[in-house]
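Letter by letter, the chains look like this.
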Amino acid sequence: MSSREHLVFDGCDTVELANTFGTPLYVLSETAIRERCHEVKEDFLHKYPNTKAVYASKAFLTMAMAKIIASEGLGLDVVSGGEIYTAYRAGFPMERTVFHGNNKTLEELQLALETGVGRIVADSESEIDIIEEAARRRGKKAILLLRVAPGVDAETHKYIATGHTTSKFGFSLAGDTLLRTIRRIMASDLLELKGFHSHVGSQLQSNRSHVLAVDALVNEMNLMFKQLGFVTEELNIGGGFGVPQHQGDTRTTLKYFIDPIMSHVTTECEKAGLVRPMIIIEPGRWIVSEAGITLYRVGSIKDVPGGITYVGVDGGMTDNPRPALYGAQYWGVVANKADEPAEKKVTVVGKCCESGDVLMREVFVANTISRDDILAVFNTGAYNFSMASNYNRIPRAAVVLVRNGESHVIVNRQSYDDLLLGEGIPQHLL
Ligand SMILES: Cc1ncc(COP(=O)(O)O)c(C=O)c1O
C-alpha cells in the first residue's frame, strides 16, 4: 500500500474501485494471500518433513479462493455441506479437504463421502453412528480423525476459545469415551482412524496455548498406544494463529507459532517413545485477514453531546458483524484523502437499526472527512464476507479480487431481487 492522494491496494486505486464497483465493497489482494501461502510453505511445509497445511475456509471462501488455495498446494478445512459443495464445484482436489463440525448431518456426511473429502473429523461418540451409516449408504470407508478438547483455556475472546474442558467441540479427555470410541472404530470395516485433531481457539497472540495442547495430545497418543496399540499417524493441531488486533501492532509470523510447536511435539514424542506423526495445521485468519479491506462510502456525519462525532457508512454489521459479536477492533483511512493528517477522532457506525452497529469506536481519520468520501477499513479479509447477513434486508456487498493493478469481481453485489429469491406468497395471502 502507498498513497498518492488515494489509497492504493495491490496496485489498484481504491477510490476507482469504489466508484466502479460500488460500496460497500470487499477487496481482496491475491498477491497478499499467495505471499502468506508461500510463508506456510517456507516456514512449515518445506522446513519440517511429514507435514500438511489446510486453509480454514470458514475465514473466507468463494470458488475463486478455492482455486487460489488449490494452486498453492494447500488443503481446505470445510465445516458444512455448503463449504464442501463450493470446494467441489471449484474443482478443488477433494482428497485435500478435512471436514469438521460439531453436528454434521447424515446428508452432509454422505456429500462428503460422495465428493471424496479426505478426512472427516469426528466430534463425538454419537457422531460415529451417523458417520458409519453414511459410509454404509455410500459404500465407502470414512477416514477419520477424532477431535479432542485438550483442556486448554486459550487467551482470546470466550466466543472463539474452543479447546477448554467445557467446550462444545470435541471429545473430552476425562473418562473413557475416547478409549471406547477408538476401540469401536478399530473394529469397524467402514471406518479407519488416522489420529487426532485439536483447535484451541482463534486470534491467538501467544504460542502458549498450542504448546500446552501438544502436552495433552501426546499424552493421549501415548495412552491410546499403550492401552489399544493404536498408532497415531496424523496429528492436526488446528489454526488460530493471530493477526494484528490494533493499529500499529506488528504482524505475527507463522514461525513464531510453528517453531515452538514443532520442537515441543518432537521432544514430547521422543520422551514417550512414539514416532512423531504427520503434523497438520489449519490457519484461516492468518492467511486471509490482512489480505482484505472493505471500502465504504461516508454518509451522515453528526456531533452528539459528549464530544462524539458519528460517521455513518453504507455498510456495517451486515458486512462485518465481528465488532458487534465480540468487540473486534478495526482501523482505517479515508481512501481519497490518504495523505491528509488523520487527527479527527470519530466513531464509525453502520446503517443497521441496532445501537451496537458500531464498526470502529474512537478512531482517527482525515480532518476533513465529509459525505461521499471513501473509507477503507483494514484487516477485513477473514470472517467478514463469510459471516455477512441480510439483516434489515440489506443486500450483501460485492467482492473484488485485485492483483498488481488488475481487478476482477468474484462475487456480485446482491440486488433487491436477490433478496426475494426463494420466497413465496401462499394463495390465501394473494
Ligand atoms: C477446527 C478449526 N480449524 C481451524 C480454524 C481456523 O481458525 P483461524 O481462522 O483462527 O486460524 C477454526 C476456526 O474456528 C476451527 O474451528
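Residues numbered from 1 in each chain as written. Predicted model: local features only at pLDDT ≥ 70, side-chain atom pairs only at ≥ 80, totals over all residues. Heavy atoms only, no water.

Novice: Tell me about the packing of aromatic side chains, residues and numbers included.
Specialist: Each aromatic ring pair is summarised here by two numbers: the centre-to-centre distance and the angle between the ring planes. Tallied over the entire structure, the rule returns five aromatic pairs. Arranged with centres 5.7 Å apart and planes meeting at 85°, the rings of Tyr 26 and Phe 385 form a pair that is edge-to-face. One end of the pair, Tyr 26, is in strand β4 (residues 25–29); the other, Phe 385, is in the loop between β19 (374–378) and β20 (398–403), and 359 residues separate them in sequence. For Phe 385, a relative accessible area of 16% gives the class buried. Each ring, one from Tyr 256 and one from Phe 257, has its centre 5.0 Å from the other, and the planes form 75°; the classification is edge-to-face. Looking at Tyr 256, the relative accessible area reads 34%, which means it is partly exposed. What links up through ring pairs into an aromatic cluster is the set Tyr 26, Phe 60 and Phe 385. When the ring centre of Trp 286 is taken as origin, the NZ or CZ atom of Arg 36, which lies over that ring, is 4.6 Å away. Directly above the ring of Phe 92 sits Arg 96, whose terminal nitrogen or CZ lies 5.7 Å from the centroid. (Phe/Tyr/Trp six-rings, centres within 6.5 Å; stacked < 30°, edge-to-face > 60°. Helix = DSSP H or I, 4+ residues; strand = E, 2+ residues; numbered from the N terminus. Buried < 20%, exposed > 50% of the residue type's maximum accessible area, 1.4 Å probe, protein only. Lys NZ or Arg CZ within 6 Å of the ring centre and 35° of its normal.)

Novice: Can you lay out the domain arrangement of the chain for me, pointing to particular residues and giving the numbers?
Specialist: Each assigned domain of the chain is listed here: domain 1 (2–27 + 291–420) and domain 2 (48–287). Each of domain 1 and domain 2 was reduced to a C-alpha centroid, and the two centroids are 33 Å apart. Between domain 1 and domain 2, the contact holds 16 residues from the first and 17 residues from the second. Summed over both partners, the interface of domain 1 with domain 2 buries about 1500 Å², with 64% contributed by carbon and sulfur atoms. Broken down residue by residue, the surface that domain 1 buries against domain 2 is led by Tyr 326, Trp 331 and Tyr 383, which jointly contribute 40%. Connecting domain 1 to domain 2 are zero salt bridges. Summed over the shared surface of domain 1 and domain 2, the result is five residue pairs in polar contact (both at pLDDT 80 or more). Counting residues per element, the side of domain 1 that touches domain 2 draws most heavily on helix α11 (residues 322–326), at three residues. (Domains from an automatic or database assignment. Contact = heavy atoms within 4.5 Å. Buried area = accessible area lost by both parts, 1.4 Å probe. Salt bridge = Lys/Arg side-chain N within 4 Å of Asp/Glu carboxyl O. Polar contact = N/O pair within 3.5 Å; in protein donor to acceptor, adjacent residues only side chain to side chain.)

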